[in-house]
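So the chains spell out like this:
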Amino acid sequence: MDAIQMLLNRRSCRSYTKEQISDETLKIIIDCGLAAPSAMNEQTVKIVVVQEPEKVKFLSELNDKIWQKHTDPFYGAPTVCLILAPKNTEDIKESHKLNQVKDGSLVIGAMQDAAYALGVGSCWINRCKEMLELPEGKKVLEELGLPNYFGIGCVILGMPDKKLGEKKIKEGRVIRY
């Protein structure tokens, strides 16, 4: 897929089949996220991939504790990726302490672009930071050996169960100075 067309047409997907994406496709999406720019090339962002249905369900319920819509905030996607960055601890360079969210956001964007280019649906899901601050979320970070990390966002991935609509770009968002 042409890069410009991909960037102009990528859409978020909020409806998935139960089909799991292949390991090869997932690896490409993750590699694209890891290749995203990072401040001073520090590359501190980590990606936690969750595909086990029980764990996806657990994280969905945890996310909904914050969202409080009593529905699946992951829209049935079979893969959930937690995008994590290090907290401002003493081992983080002073010059990097303002960049974790920016770096994580670039990872998420690159993953979504790669997913679209490969025909995989994706969506950025908020509340990752808040859900990992809950006691159950802190336990997850402990289990992963990442207690000094915080959530930037969740990227859900899966096969779209319908064709995504046409992207409409709002007018009047560019101002020349």
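Rules used in this analysis
Residues numbered from 1 in each chain as written. Predicted model: local features only at pLDDT ≥ 70, side-chain atom pairs only at ≥ 80, totals over all residues. Heavy atoms only, no water. Helix = DSSP H or I, 4+ residues; strand = E, 2+ residues; numbered from the N terminus. Rg over C-alpha atoms; globule rule 2.2 N^0.38 Å. Buried < 20%, exposed > 50% of the residue type's maximum accessible area, 1.4 Å probe, protein only. Contact = heavy atoms within 4.5 Å. Lys, Arg positive; Asp, Glu negative; His and termini not counted. Charge placed at Lys NZ, Arg CZ, Asp CG, Glu CD. Axes fitted to C-alpha atoms, helices over the stretch in contact; angles between N-to-C directions. Left-handed = near helix turned anticlockwise from the far one by under 90°. Nonpolar A, V, L, I, M, F, W, Y, C, P; charged D, E, K, R; others polar. Core = buried A, V, L, I, M, F, W, Y, C linked by side-chain atoms within 4.5 Å. Pairing = 2+ DSSP bridges. Patch = residues over 30% accessible without salt bridge, like charges linked within 9 Å, V, L, I, M, F, W, Y side chains within 5 Å. Areas by Shrake-Rupley, 256 points an atom, 1.4 Å probe, with all protein chains shown as cover. Salt bridge = Lys/Arg side-chain N within 4 Å of Asp/Glu carboxyl O.

Trainee: I would appreciate a short explanation of the overall build of the protein in the present structure.
Mentor: Each helix and strand in the protein was counted, giving six helices and four strands. Listed N to C, the secondary structure of the protein is α-α-β-α-β-α-β-α-α-β in terms of helices and strands. Over its C-alpha atoms the protein spans a radius of gyration of 17 Å, differing by no more than 12% from the 16 Å that the globule rule assigns to 177 residues. In terms of overall dimensions, the protein has C-alpha extents of about 45 × 45 × 35 Å along its principal axes. Within the protein, buried positions represent 41% of all 177 residues. Sequence-distant contacts, at least 24 apart, represent 83% of the contacts inside the protein between residues at least 6 apart. Placing the 25 positive and 24 negative side-chain charges of the protein at their respective mean positions leaves the two points 6 Å apart.

Trainee: What should I look at first to understand the packing of helix H2 (residues 23-34) against helix H4 (residues 100-117) in this one?
Mentor: Each pair of packed helices can be summarised by the angle the axes make with each other and by the distance between the axes. Viewed as axis vectors pointing N to C, H2 and H4 meet at an angle of 145 degrees, and their least axial separation amounts to 7 Å. Seen from above, H2 lies across H4 with right-handed handedness. Seen from H2, the contacting residues are Ile29, Cys32 and Gly33; seen from H4, they are Val107, Ala110, Met111, Ala114 and Ala115. Of the residues assigned to the contact of H2 with H4, the class counts are seven nonpolar, one polar and no charged.

Trainee: What am I meant to see in the nonpolar core here?
Mentor: For soluble globular proteins, the rule of thumb is that nonpolar side chains tend to be buried together. Counting residues in hydrophobic clusters, the biggest one holds 22 residues, and the most contacted among them are Phe74, Leu82, Leu84, Cys154 and Ile156. Among all residues touching cysteine 154, those that are not within four sequence positions of it are Asn63, Phe74, Val80, Cys81, Leu82, Cys123, Trp124, Ile125, Cys128 and Met131. Of all hydrophobic cores here, the second largest spans 21 residues; its members include Ile21, Leu26, Ile83 and Met111.

Trainee: How do you make sense of the sheet that holds strand S3 (residues 121-125) when you look at a structure like this?
Mentor: Strand pairing within a sheet occurs via backbone hydrogen bonds; the two strands may be parallel or antiparallel. Taken in spatial order, the four strands of this open sheet run S1-S2-S4-S3, and their pairing is antiparallel. At either margin of the open sheet sits one strand with a lone partner, and together these are strand S1 (46-50) and S3. Across the sheet, the axes of successive neighbouring strands diverge by a mean angle of 25 degrees, strand direction being ignored. Bridge analysis of S1 against strand S2 (residues 79-86) gives five bridges, and the strand direction is antiparallel. Each residue of the ladder has a partner; that of valine 49, found in S2, is cysteine 81. Seen against the sheet, helix H3 (residues 53-67) touches S1, S2, S3 and strand S4 (149-158) and runs at an angle of roughly 115 degrees to S1.

Trainee: So what exactly am I meant to see when it comes to a nonpolar patch on the surface here?
Mentor: On the surface, Ile4, Leu7, Leu8 and Ile169 cluster together to form a nonpolar patch covering roughly 380 Å² of accessible area. Mapped onto the elements of the fold, isoleucine 4 is located in helix H1 (residues 3-9).

Trainee: Whenever I open this one, the pattern of salt bridges confuses me. Can you help?
Mentor: Once the charged atoms of two side chains with opposite charge are near each other, the side chains can pair. This structure, assessed with the given rule, holds five salt bridges. Glutamate 61 is the partner of lysine 57 in a salt bridge, and the nearest nitrogen-oxygen pair spans 2.7 Å. Remark: glutamate 61 and lysine 57 occur in helix H3; sequence separation between them is four residues, near one turn of the helix. Of the residues examined, glutamate 61 reaches a relative accessible area of 44% and is grouped as partly exposed. Here lysine 129 and glutamate 133 are joined by a salt bridge, their closest N and O atoms 2.6 Å apart. Here the residue lysine 129 and the residue glutamate 133 both occupy positions in helix H5 (residues 128-133), the gap between them amounting to four residues, near one helical turn.

Geometry only, nothing functional implied.
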